[in-house]
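# Notes for the structure review
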Amino acid sequence: MLDQENLSDVSNLVSDIKHKKIYNSFDVALKTEDLLEKLILQRQWKSARELMKLVKSRIKFIRDDLPTEATATNVMRHILKIIREEYESASKKKGEGQSLHQLVTSNSSDILDYSESLSSLRSSILDHLGEYKVEIESSCDNIAAQASEHIHMDEMIMTVGKSHTVEKFLKCAAKDRNFKVVVVEGAPFYYGHSLAASLAKSNIQTTVIPDSAVFAMMSRVNKVIIGTHTVLANGGLRASSGIHAVALAAKQFSVPVVVLSHMYKFTPLYVVSNNHEAFNICASPADVIPQSAGKILNDIEVYNPIFDYVPPELVTLFISHQGGNAPSYVYRLLSELYHQDDYDM
Amino acid sequence: MSNKSEIIRKEKVVQSIVIADTFTDEFVPISDNIPHALLPILNKPLVDYTLEFLSLGGIEEVFLFCSVHSDEIKQHVDKCIKNGDGWTLTMKVNVTVSESCQSFGDCLRDLDARGLLRGEFVLLEPGVLSNVPLLSLLEKHSEIVKADKYAAMTLILQESGIGHRGRGLEDILLATDSLNRVLFYKNLGSRKTKKIEFPMDIFLENSSISILHNLKDSHISICSSSVLPLFSDNFDFQTKDDLIRGLLMNEEILEGTIYAHVLQGSLFGGAVSSWRMYQSLSQELMKKWIHPLTVTRNKNRVLKNNVVIGAGTTIPNSAKISRSILGASVSIGHNVTVEDSFIFSDTKIQDDVVITHSVIASNCTIKSDSKISLGSIIGTNTVLENGTVIENALVQSKQPDNGDEYVKLGNKAFELKVSSDDDGDSVLSTTSKKPYRLHITDIESDDEEDDDSDGFSDSEEELSYTQSPVPDDTKLFFSEVIDSLTRGFDDNLLCDNLILEINSSRYAYNVTVKEVNFNVVKAILSMSLREPIGVQYFSHLSRLLSYFSPVLKNYIRNEAAMLDCLQALEDVATSGESFKEKWVIAILQHMYNKDYLAEDIILEWYRNLDTDGKFVEHVKPFADWLQEAEEASSDDEDDDDSD
Amino acid sequence: MEKAKKENKNEKVGPDGLTKKERRALKLSARPPQDNRSATEPTQNSLEKTQVNKLGNTITEIQNTIAAISMDSSKSLSEKEQRRLEWAKKLEEQNKEKGVDKNVSKAELKAKRREMQEAQRQLKTEHSKPVTKTPSTEKKDVEKKLETIQKHDTKKVDMKKEETKISPKKDIKKIIQPHKVQLVQHLYNEEILKLEANAVIVHQDIHPAFIKLGVQYGNKVVLGSNARCLALLAALKSLINDLKSHPKQEFCRYLETVLQVSANYLYTCRPFAVSMTNALRYFKLQLTQIDTNLKDSEKKAKLQDIIDTYIDDDINKAGDAISMKVREKISNGDVILTYGCSSLIRKILLEAHNDGKKFQVIVVDGRPLLEGKELLRRLVVAGIKCTYVLINALSYVMNSVTKVVLGAHALLTNGYVMSRIGTAQVALVAREYNKPVLVCCETYKFSERVQTDSFVYNELGNPDALSVTHINIPTALKKWKDVAKLTPLSLLYDVTPPDLVTAVVTEIAILPCTSVPVVLRINASDTT
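Residues numbered from 1 in each chain as written. Chains lettered and ligands numbered in written order. Predicted model: local features only at pLDDT ≥ 70, side-chain atom pairs only at ≥ 80, totals over all residues. Heavy atoms only, no water.

## Structural notes on the overall build of chain A
- What chain A contains, in helices and strands, is 13 helices and 11 strands.
- Compactness check: chain A gives a C-alpha radius of gyration of 22 Å against a globular reference of 20 Å for 345 residues, within 12% of the reference.
- If you line up chain A on its principal axes, its C-alpha atoms span 65 × 50 × 35 Å.
- Across the 345 residues in chain A, those meeting the buried criterion constitute 59%.
- Long-range pairs, those at least 24 residues apart, make up 76% of the contacts in chain A between residues at least 6 apart in sequence.
- Positive and negative side-chain charges in chain A, numbering 35 and 41 respectively, have mean positions lying 1 Å apart. (Helix = DSSP H or I, 4+ residues; strand = E, 2+ residues; numbered from the N terminus. Rg over C-alpha atoms; globule rule 2.2 N^0.38 Å. Buried < 20%, exposed > 50% of the residue type's maximum accessible area, 1.4 Å probe, protein only. Contact = heavy atoms within 4.5 Å. Lys, Arg positive; Asp, Glu negative; His and termini not counted. Charge placed at Lys NZ, Arg CZ, Asp CG, Glu CD.)

## Section: the interface of chain B and chain A
- Chain B puts 24 residues into the contact, and the matching count from chain A is 24 residues.
- Summed over both partners, the interface of chain B with chain A buries about 2,200 Å², with 52% contributed by carbon and sulfur atoms.
- Ranking the residues of chain B by area buried against chain A places Leu89(B), Trp289(B) and His291(B) at the top, with a combined share of 26%.
- Counting every contact that joins chain B to chain A gives 0 salt bridges.
- Along the contact surface separating chain B from chain A lie 0 residue pairs in polar contact (both at pLDDT 80 or more).
- For the side of chain B that touches chain A, the secondary-structure elements that each account for two or more residues are helix H3 (46-57), helix H4 (70-83) and strand S8 (151-159) of chain B.
- Residue classes in the side of chain B that touches chain A are distributed as 5 nonpolar, 13 polar and 6 charged. (Buried area = accessible area lost by both parts, 1.4 Å probe. Salt bridge = Lys/Arg side-chain N within 4 Å of Asp/Glu carboxyl O. Polar contact = N/O pair within 3.5 Å; in protein donor to acceptor, adjacent residues only side chain to side chain. Nonpolar A, V, L, I, M, F, W, Y, C, P; charged D, E, K, R; others polar.)

## Examining helix H7 (residues 121-145) of chain A
- Relative to the 36 Å expected for 25 residues at 1.5 Å per residue, H7(A) spans 35 Å between its end C-alpha atoms, a close match to the ideal helical length.
- At Ser138(A), H7(A) shows its maximal kink, close to 45°. (Expected span 1.5 Å × (residues − 1). Bend = angle between axes of the 7 residues up to and from the residue.)

## Side note on the interface of chain A and chain C
- Contact residues are listed per partner, giving 53 residues for chain A and 54 residues for chain C.
- Summed over both sides, the interface of chain A with chain C buries roughly 4,700 Å², with 64% coming from carbon and sulfur.
- Inspection of the chain A/chain C interface yields 2 salt bridges.
- As a salt-bridge pair, Glu185(A) and Arg367(C) come within 2.9 Å of each other at their nearest N and O atoms.
- In this assembly, chain A and chain C are joined by 18 residue pairs in polar contact (both at pLDDT 80 or more).
- If you list the elements that add at least two residues to the side of chain A that touches chain C, you get helix H10 (191-201), strand S3 (205-209), helix H11 (214-218), helix H12 (243-252) and strand S8 (300-302) of chain A.
- Class assignment of the residues belonging to the side of chain A that touches chain C gives a composition of 30 nonpolar, 15 polar and 8 charged.
- When S3(A) meets strand S8 (residues 486-488) of chain C, the two strands line up parallel, connected through 3 bridges. Bridging across to S8(C), Thr207(A) finds its partner in Thr487(C). (Pairing = 2+ DSSP bridges.)

## Quick notes on the nonpolar core
- Ile289(A) and Leu64(B) are the most contacted members of the largest nonpolar core, which has 99 residues in total.
- The contact partners of Leu64(B), leaving out residues within four places of it in the chain, are Val18(B), Ala20(B), Val47(B), Ile73(B), Val77(B), Val93(B), Asn94(B), Val95(B) and Thr96(B).
- Within the second largest apolar cluster, 88 residues are counted, among which are Met158(A), Val184(A), Val181(C) and Val397(C). (Core = buried A, V, L, I, M, F, W, Y, C linked by side-chain atoms within 4.5 Å.)

## A closer look at helix H11 (residues 251-269) of chain C
All names here are of chain C.
- Taking 1.5 Å per residue as the helical rise, H11 with its 19 residues ought to reach 27 Å, and the 27 Å between its terminal C-alpha atoms agrees with that figure.
- Burial in H11 covers these residues: Phe251, Cys252, Tyr254, Leu255, Val258, Leu259, Ser262, Ala263, Tyr265, Leu266 and Cys269. Along the axis of H11, the buried residues cluster in a sector spanning 165°; they form a single face.
- Where H11 begins, the side chain of Glu250 points an oxygen toward the backbone nitrogen of Cys252, at a separation of 3.2 Å. (Arc of directions from axis to C-beta.)

## Quick look at the environment of Leu390(C)
- You can see Leu390(C) is positioned in strand S3 (residues 385-390).
- The sequence separation of Leu390(C) and Pro498(C) amounts to 108 residues, and the corresponding C-alpha distance is 24 Å.
- Non-local contacts of Leu390(C), meaning those with residues more than four positions away in its chain, are made with Ala187(A), Pro188(A), Val288(A), Val364(C), Asp365(C) and Leu370(C).

## What to know about the environment of Ser484(B)
- If you trace the backbone, Ser484(B) turns up in helix H14 (residues 471-491).
- Excluding its chain neighbours within four sequence positions, the residues that come into contact with Ser484(B) are Leu498(B) and Glu501(B).

## A word on the side chain of Asn280(A)
Residue and element names in this part refer to chain A.
- Mapped onto the fold, Asn280 is located in the loop between strand S7 (257-260) and S8.
- Judged by relative accessible area, which is 9%, Asn280 ranks as buried.
- There is a polar contact of 2.9 Å between the side chain of Asn280 and the backbone nitrogen of Phe307.

## So, a nonpolar patch on the surface
All names here are of chain B.
- A contiguous nonpolar patch, built from Met200, Phe203, Leu204 and Ile211 and spanning about 430 Å² of accessible area, is present on the exposed surface.
- If one sorts the elements of the nonpolar patch by residue count, helix H7 (residues 200-205) sits on top with 3 residues.
- Turning to its location among the elements, Phe203 is positioned in helix H7.
- Taking relative accessible area as the criterion, Phe203 reaches 37% and is therefore assigned partly exposed. (Patch = residues over 30% accessible without salt bridge, like charges linked within 9 Å, V, L, I, M, F, W, Y side chains within 5 Å. Areas by Shrake-Rupley, 256 points an atom, 1.4 Å probe, with all protein chains shown as cover.)

## Section: the sheet that holds S3(A)
- An order of S11(A)-S10(A)-S7(A)-S4(A)-S1(A)-S2(A)-S3(A)-S8(C) is seen for the 8 strands of this open sheet, with the pairing classed as mixed. Two strands lie at the open edges of the sheet, namely strand S11 (323-325) of chain A together with S8 of chain C, each paired on one side alone. Along the sheet, successive strands turn relative to each other by an average axial angle of 25°, direction set aside.
- Here 3 bridges tie S7(A) to strand S10 (residues 317-320) of chain A, and the two strands are oriented parallel to one another. Counterpart to Leu260(A) in the pairing with S10(A) is Ile319(A).
- Lying over the sheet, H12(A) contacts strand S1 (156-160), strand S4 (223-227) and S7 of chain A, oriented at roughly 155° with respect to S4(A). (Axes fitted to C-alpha atoms, helices over the stretch in contact; angles between N-to-C directions.)

Structure (structure tokens):
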């Protein structure tokens, strides 16, 4: 009864993602935020708990249909946190874990169950959501603004594939610094090619190398700057295929690996293995070996994974709109982003 | 009212036609119970994939045309809409029913009559699985139409390597010009023809032609608005192939041209038009070639050995399953072997059953110790008793009531006898090896090689009007040769002309080269025998021989010809006509001197002669002389003329 | 001229070393050219002559032929003569059209005169003509170069220069300059030289087998260190066979000089592989030790024998020994990962399969050469169960791998393995997942060079190959030449540090990487 029409907005979102109508994490984040805004505005909900239930069902829906899609669920989780915060401040009751003293002195009546119906809740949540939206939209620029702190003159920067954030970052740095960029092409998707073309147009000296040349080039590279699809709870990355090898080579030559990530990419999930269904998708093998190969296709297996797992030891720095962080600090960031109860769903 | 104006103001809706029925018997007996559209592939009905593909491609309105089992299809579509499946959000599906249609062409004529389609649309044959972005193809087609207003259809074909599993039955040979217009189209199917005939004018009229043989039919076409009227106007167009052939043959009359577009890279298109395609498309779907169409994860599990099982299926440890697809709630007994097979939902397989390369429909029960193999299809609700062995057969649960022959295997199992001219593949039928319904690797690869060599000889037989030369013809030929030679000699005609005459008679009577050599020499020799035997004999003989020397030179060119010549000589000599004793020697000598015959050939021939006959005695002196005379300069040019 | 061509079919070379054809042609060339045929079909020799002319290379006059003259080539010689002169005439006309002042026409006259002298000189000498024997790729290559040269011709005409020396070098440099990657600048010079040198292509004193070899190397038809070495040795054998004794020099010395010239030429087509260098060095050493008292034919036979033994022992038998050693290490159920296409690895896997071992192979491939496909095809045909991935999926498949076997181009003295680019990456990821890495390399590929990174010595591949996908669909990189700041870079080799390699399998033993200098010392002491 509740199910069908309610979840139609989410199924729309899911189908858009599946059909590649929205591809960028940025667009997904914005769309998710819009979706929840509409939900909060238009749906009838009486208490925070009810609202949270609605949001949680949507998170579950997305997780069932698109296990690797993390941005949408992260945004939703963050919004859950926003709801909790607003509720707490509106009911003027303190939430859990504020301080040891409060923990000891609190009594059962203080424990929040979010079921009070508060009139100001809706508007305060919407205000906060508005701020959040601005944060998402300006996240890219904020990261790019930090570029000159990280890139010096005459450096050789290596990047992999195409990340919108990295592109902006490099272009911003190129305004006052002179440096060279090596782009790893990222076969079989060849995103690196479009990034290289775009950078070269902005007058940055760019070289394109195939994936196999990473180790060879690494001895001359000063920094590796990459974007990622998701940042996992242990500080590891789910990034595009081939980045693990790049990170390993960087470690070998002691080259710092800087990961540019927005806050909506931090997810509270851990991954178990690289081949896990929830972790990786394989795309069409035709990108690796064409149909015209004929007879041998009957007898061989071909894999074309989209993602790669990079363990946290290989990452030097995370840059978000608030500044830089070490991978070991990620757990703390997560606790600021999401509420403990919302981690596992 | 306002709605209507809205509709008019609205931009053109992207439309598509999906014909749901194959109108063939390919999928009997399963197609008796479930419509082709609902045939489960990787445990999801076929039409779901088609609709998902269409919505991915950007289609907004679909006309799903059904003729049989239309209720079930309608129910299914309604269920999907209720469930809120992916495609329902962006696409509207109209289930159009017409019970009276008997063919693809009929359906299109019906749709034309209803007038539902405006402008260009996508036409899909039944069972299409694909991941092609249709909007860009539609745009491309519009551009082609702008350039050529008679463009009727763009065929979408897929690049595919030779030997690829899914290519065998969908082989297409195409000749296109530089603008991708189709000039020649041939669906090679499963026939292993080694010879293709092209109409000459396509080469004469076009400056550059590409002949493409690396293609497979995707069964998707982009059609202009003229296609439906074309079907309505021509009642004999029953299939898409008919339309293509018709348009290519009668370009001026029908005013339609066809273009082709080849899919490359990760774009994939194919249709389940037969069991083989079903098998190959299942594999390709599983291995992600049709990304983003995939196995629905929450209802299926992928196991090792390329096995997919549906929800609720249990497999005991002792079972050996590989490269198979099992539906939902299938129960497998102990020690069961299932290889390269498809088992639909709710089937029970009991212990010790062996199933290879077969399809078992839903709700069946296969009792213990049965063996099902080699491309058998077991229909819905069948019950096979203990120990049944089925190979390459169709089994259905109800008694066939339309006069087909059958064998009763049990209360709910009737094996259909397939009539012999099933496929109408005349070439293969001569080798009496119909391809199995499913591709069976080991057997198939041998088959292909056999078929290659057999097919070749068969095609020779087929084209031949060259059957082994009928004796009558040879005699006629011989008499003709003699006539022409006699005439030539009498009228003193040029030998070149004589040679031409002989050659043309040869083609007229279809005589082999061997026969020609033989007969020509025989003719010349026979002519010489007709002259009166007298003093003039040998001079006449030598005159004759020298006159015909160009002829002899032309026909006695190699060792085989030499042997023929000697054979002719033997023939004439032993044929009973009387001749001078030294005639044989004279001939041999003359021929040897003129270098028509080589020494060793003569000696070899001599050795092989029948030692009893008189003929040998005639030849002996010459042979001896040959053997003694090592150098050609030896002076016994004994002119037997003196005789 | 037509008749003359026909007559030539069965002619024999006259006493002065010229055929009738050539003599006639000489006479004709003395007269002003009157042919009407347009020089539309540039052939290799005309190309050669103009280039030779313009760059002013001196041509050594060597009386003895290295190869037999084919009748076709002599026929075409006169045609070429005609066409060249036609061309010169055309240039003259062009000049007149453009109203160039005297200076240039003088230059043209000089060029023409030089051409004629050239032609006459060449007629006197009998030089090899590889026209009929070379593969079609060569012709395409040649035509390409002809275009650049024609361009340069007209450029020359346009620019009012006094000297006829071409400065196409400068022009080319101007175009390529912005597209150089500074890091590998030193490797680029060879690239440019190659462009030019190929224009100078055919020296008359090079055996056609070497010319064919050069083109095959340049077009990457022959790939792989073993294959290149074997091809070189085969060409060497035919050179020895066809070499006629020099009246003034001793055979072996003469062979040395000829070999040097040929080797220089080969080097300009593509830098030598380490295997080739080692093989040549060995051969030269043996050459110095041949007994000078033997007859020439005996020397030839001995040299051929030496080459055969080398191939047999150092390449084939070594391969067998290595294969045996590795086969012992392969057990049933193994999943073996390999990279690219190494002939030695292919041999090992096929023989192991024939032995009846049941294993799977994962073939990893790298752009733009995509050599792994070839290995994949051969393994599949033999019935081995294979998986195929690109190098980006390395981490995805590495979990299920049990062993990694790699081929090598060369082993350096400091223990580094020089191999196809991407090998180091495979070894790196393998170490991360704790999989053993075996490098298989015959001892004849060991080199005394030392290298610590992949830039000091490397080879550049074709940058255009990067701008298309594997099915030749152009990517966003297609117009890189127009964008000054954008350069694709394709290196061919990289060096793998010894700590990433578990062991090196050679025919002598299974060694750690760092034992290479030991083996080199042993080998050196063997031969001295």
